[in-house]
Amino acid sequence: MNASAVRRLTVAQALVEFLAHQYTERDGQRHRLINATWGIFGHGNVAGIGQALLESGPDAMPYLQGRNEQAMVHAAVGFARQSNRLSAQAVTTSIGPGATNLVTGAALATVNRLPVLLLPGDIFATRPADPVLQQLEVPSAGDVSVNDCLRPVSRYFDRVMRPEALIPAALAAMRVLTDPAETGAVTLALPQDVQAEAFDWPEEFFADRVWQVRRPAADPTELAVAAQAIRSARRPLIIAGGGVHHSEAEDALRALADATGIPVASTQAGKGSLRHDHPADIGGIGHTGTAVADDLARDADLVIGVGTRYSDFTTASATLFADPGVRFVNLNITPFDAHKLSATTLVADARAGLEALVRELSGHRVDETYEAGYRVGKAAWERRVDAAFAADDETARPSQSQVLGALDAVVGDEDVVVNAAGSLPGDLHKLWRARSPRQYHLEYGYSCMGYEIPGAIGVRLAAPDRPVWALVGDGTYLMMPTEIVTAVQEGININVVLLQNHGYASIGALSEGIGAERFGTAYRFRAADGSYTGDPLPVDLAANAASLGMDVLRAGSVRELREALAAARASDRPTCVYVETETADTVSGPPGAQAWWDVPVAETATRPAAVKAREDYDRQAAARRRHL
């Protein structure tokens, strides 16, 4: 090979240079594929990727310093979702615990079909010293390291054992990251000696490369069959999933709803596909759904899933779609998801498929009595939301739903609300009035405690002009407050709404419902009988947030809360609004679950609460069905 056609770089330097020249393109718009690299350095990556990032400089590859490896992945996932999967971020770690800390974040990314590039350091490929610090020895296999934990949670995994192996591995990684049907976590494990090894790289490896993010059109035969099924249905229902947002198909969905009058319910990932006040929007569906959506789902004779993977919360654990003759049409870019529930498949990009359906269904509209009926149900649910948000006494401590009501009164269309776990996802799915496509950011595929704060950082990095709110319960906050330091350091202006209710409220309620009597779910001192039923722990989470560098506003009443939220939104610094919520029965809360969720209950027990819970479980489980 001609010397002028190669460049001598280390493997790490070559990878960073390669990543700086990767782009996506969809609808004629180009985006940088790897926007930045998060990193925490140790002996497994400091002399490799760390040195390469320093040498390349921030123009070629911006570097972001994190505090927890899992949190760095969460931030990258938040960035990718806000970027409609057209741009992503990389995460580099050392070997050992730094690498295994990636596993939860990788699972979250893959479950949610969101791209993130993971670059964990690995043990020596040449094995000059064996074992090295932090190496897990496997007596029966010399080629296994802890990074193999990342295989089942990655959409693509490769270990780069020689410099020249980076070329096919890097190209394969980009292919998966940019494939809308295959994307998720992608892992390139990098042995620490290989990272620092020099090689003569072909210049072509560093040329700008554009990865087209395709919009596959619907097959004409599938389209005709799907359209006929819709025309024949008397009570059709659309379920909008996250694929609507990823495809930027919101306008196409609205056009279909406007033309046909078919009501639109949404999953957690799909909420906001229609604006909350659109006549056809009937809110969330499933266990955390609205009464109108779940009632329509029970009676629907055709369910049209758009970009949804039908989790058990959406289907109410296979009990929701109760009509004996119900059938499904699934529009999904992923055949695996399109075939669920024995559906008529429409394998296509969500926007392309919806636009084709609008043309194919020209002149078709649901019966006016069906349309009028669900609008009555929608109006009735809106009154229930108003009641949950209302506060008769503004000097009293707010309930959790009143916190959401206060936030609803403060935010604008451009704000983004981020949440993932606890009791908040259920309240938000039922109550939140989404005003724009990317306002509602719920990570509920993995429902990972600790996602909210780093996820909000990622969202803000992707959309620096949009106010971003991380809604965090005390249990979630204690899992991972570390990236507050990152937000302060980088001047990333996020708002954290920290709700203190002294325990795991969501699991506490579930525990009570399945006969476990809230065992181990309260943050309290031990009582004389050994249970955690004593006084609340004297922790001060607001002081903790302040100690990490945030501005903190404490709110003791509904009025103070509203004022604090407005002040936080107007601030140019990372700000925490701390509020202790009221949980007493005298305070109105959100409507209860409108559909079941299957959490198995002990089949034998002596405690009366568990015996009663099992009776209820058997009754509900009898309604489960397989759609064949």
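Residues numbered from 1 in each chain as written. Predicted model: local features only at pLDDT ≥ 70, side-chain atom pairs only at ≥ 80, totals over all residues. Heavy atoms only, no water.

Looking now at the overall build of the chain. Across its full length, the chain holds 24 helices and 23 strands. In terms of overall dimensions, the chain is globule-like: its C-alpha atoms have a radius of gyration of 25 Å, near the 25 Å expected for 628 residues. Over its C-alpha atoms, taken along the principal directions, the chain stretches across nearly 75 × 70 × 55 Å. Here the chain, with 628 residues, has 57% of them falling under the buried criterion. For the chain, long-range pairs separated by at least 24 residues make up 77% of all intrachain contacts whose partners lie at least 6 apart in sequence. (Helix = DSSP H or I, 4+ residues; strand = E, 2+ residues; numbered from the N terminus. Rg over C-alpha atoms; globule rule 2.2 N^0.38 Å. Buried < 20%, exposed > 50% of the residue type's maximum accessible area, 1.4 Å probe, protein only. Contact = heavy atoms within 4.5 Å.)

Glancing now at the sheet that holds strand β11 (residues 209–212). In spatial order, the strands read β3-β2-β11; together these three strands make up an open sheet with mixed pairing. The sheet terminates laterally at β3 (29–32) and β11, the two strands that pair on one side only. The average undirected angle you get between the axes of adjacent strands in this sheet is 35 degrees. Pairing between strand β2 (residues 22–26) and β11: four bridges, direction parallel. Looking at β11, one finds that Gln-22 is bridged to Arg-209. (Pairing = 2+ DSSP bridges. Axes fitted to C-alpha atoms, helices over the stretch in contact; angles between N-to-C directions.)

This paragraph deals with the environment of Ala-52. Mapped onto the secondary structure, Ala-52 falls in helix α2 (residues 46–56). For Ala-52, a relative accessible area of 2% corresponds to the buried category. Sequence separation between Ala-52 and Leu-331 is 279 residues; the distance between their C-alpha atoms is 43 Å. Discounting chain neighbours no more than four positions away, the residues touching Ala-52 are Ala-12, Gln-13 and Val-16.

Attention now moves to the sheet that holds strand β23 (residues 575–580). Spatial ordering of the open sheet is given by β19-β18-β20-β21-β23-β22, a layout of six strands whose pairing is parallel. Whereas interior strands pair on both sides, the edge strands pair on one side only; in this sheet they are β19 (440–442) and β22 (551–555). Here the strands of the sheet are splayed against their neighbours by 20 degrees on average, with no regard to which way each runs. Alignment of strand β21 (residues 495–500) against β23, held across six bridges, turns out to be parallel. In the sheet register, Leu-499 faces β23, and the bridge partner there is Val-579. The strands touched by helix α3 (residues 69–82) are β18 (416–419) and β19; relative to β19, the strand with the most contacts, the crossing angle is about 140 degrees. Against the sheet, helix α17 (residues 424–431) touches β18, β19, β20 (468–473) and β21, its axis set at about 150 degrees to β19.

Here the focus is helix α14 (residues 350–360). Among all positions of α14, only Ala-350, Ala-352, Gly-353, Leu-354, Ala-356 and Leu-357 are buried. If you check the start of α14, you find a side-chain oxygen 3.1 Å away from the backbone N of Arg-351, and it comes from Asp-349. (Polar contact = N/O pair within 3.5 Å; in protein donor to acceptor, adjacent residues only side chain to side chain.)

Per the stated rule, a full pass over the model turns up 12 aromatic pairs. When the ring of Tyr-504 is compared with that of Tyr-523, the centres are 5.0 Å apart and the planes differ by 75 degrees; the resulting orientation is edge-to-face. Placement of the pair is Tyr-504 in the loop between β21 and α21 (505–513) and Tyr-523 in the loop between α21 and α22 (541–547), with a sequence separation of 19 residues. On the accessibility criterion, Tyr-523 (16% relative accessible area) is buried. Seen in terms of ring centroids, Trp-596 and Tyr-617 are 5.7 Å apart; in terms of plane orientation they differ by 55 degrees. Their pairing is tilted. Of this pair, Trp-596 sits in the loop between β23 and α24 (608–621) while Tyr-617 sits in helix α24, and the two are 21 residues apart along the sequence. For the pair Trp-596 and Tyr-617, one class covers both residues: buried. Taken together, the aromatic side chains of Phe-18, Phe-199, Trp-201, Phe-205 and Phe-206 make up a single cluster linked through ring pairs. Stacked on the ring of Tyr-578, the Lys or Arg Arg-554 has its end atom at 5.7 Å from the ring centre. (Phe/Tyr/Trp six-rings, centres within 6.5 Å; stacked < 30°, edge-to-face > 60°. Lys NZ or Arg CZ within 6 Å of the ring centre and 35° of its normal.)

By size, the foremost hydrophobic cluster in this structure holds 82 residues, and its most contacted members are Ile-285, Phe-321, Leu-428, Leu-471 and Leu-565. Sort the elements by how many residues they give to this core and helix α15 (residues 368–389) lands first, with six residues. Leu-428 has contacts with Lys-271, Leu-404, Val-417, Asn-419, Tyr-440, Leu-442 and Leu-471, leaving out every residue within four places of it along the chain. One finds Val-153, Tyr-451, Ala-487 and Tyr-578 within the second-largest nonpolar core, a separate group that totals 47 residues. (Core = buried A, V, L, I, M, F, W, Y, C linked by side-chain atoms within 4.5 Å.)

Below, the discussion takes up the state of the cysteines. Per the counting criterion, the structure on display carries zero disulfides. Free of any disulfide, Cys-448 has its nearest cysteine sulfur in Cys-149, 16 Å distant. We classify Cys-448 as buried; its relative accessible area is 7%. Left unpaired, Cys-576 is separated from the closest cysteine sulfur, that of Cys-448, by 20 Å. (Disulfide = S-S within 2.5 Å.)

Let us look at the environment of Gly-121. Structurally, the position occupied by Gly-121 is in strand β7 (residues 116–122). For Gly-121, a relative accessible area of 1% translates into the label buried. Put simply, Gly-121 and Ala-546 are 425 residues apart on the chain and 34 Å apart in space, counted from C-alpha to C-alpha. With near-sequence residues (within four places) excluded, Gly-121 lies in contact with Gly-44, Thr-93, Ser-94, Ile-95, Ala-99, Asn-147, Leu-190 and Gln-195.

Moving on, we get to the packing of helix α16 (residues 400–410) against α17. Their axes nearest at 10 Å, the elements α16 and α17 cross at an angle of 50 degrees. Between α16 and α17, the angle falls in the class oblique. Helix-helix and strand crossings are classified by hand; for α16 and α17 the assignment is right-handed. Two secondary-structure elements touch here, α16 through Gln-400, Ser-401 and Leu-404 and α17 through Leu-424, Asp-427, Leu-428 and Leu-431. Of the residues contributing to the contact of α16 with α17, the split by class is four nonpolar, two polar and one charged. (Parallel < 35°, antiparallel > 145°, perpendicular 65-115°, else oblique. Left-handed = near helix turned anticlockwise from the far one by under 90°. Nonpolar A, V, L, I, M, F, W, Y, C, P; charged D, E, K, R; others polar.)

This part is about the side chain of Asn-330. Structurally, Asn-330 is set in strand β16 (residues 327–332). Its relative accessible area of 2% is what places Asn-330 among the buried residues. Looking at Asn-330, its side chain comes within polar contact range of the side chain of Tyr-310, at 2.7 Å.

Cis geometry is found at the peptide bond from Asp-130 to Pro-131, where omega equals 10 degrees. Tracing the chain through its elements places Pro-131 in the loop between β7 and β8 (156–159). A positive phi angle, near 55 degrees, is found at Arg-127, a position not held by glycine. With respect to the secondary-structure elements, Arg-127 resides in the loop between β7 and β8. Even without being glycine, Gln-134 reaches a positive phi, approximately 75 degrees. On the secondary structure map, Gln-134 appears in the loop between β7 and β8. By relative accessible area, which is 35% here, Gln-134 ends up partly exposed.

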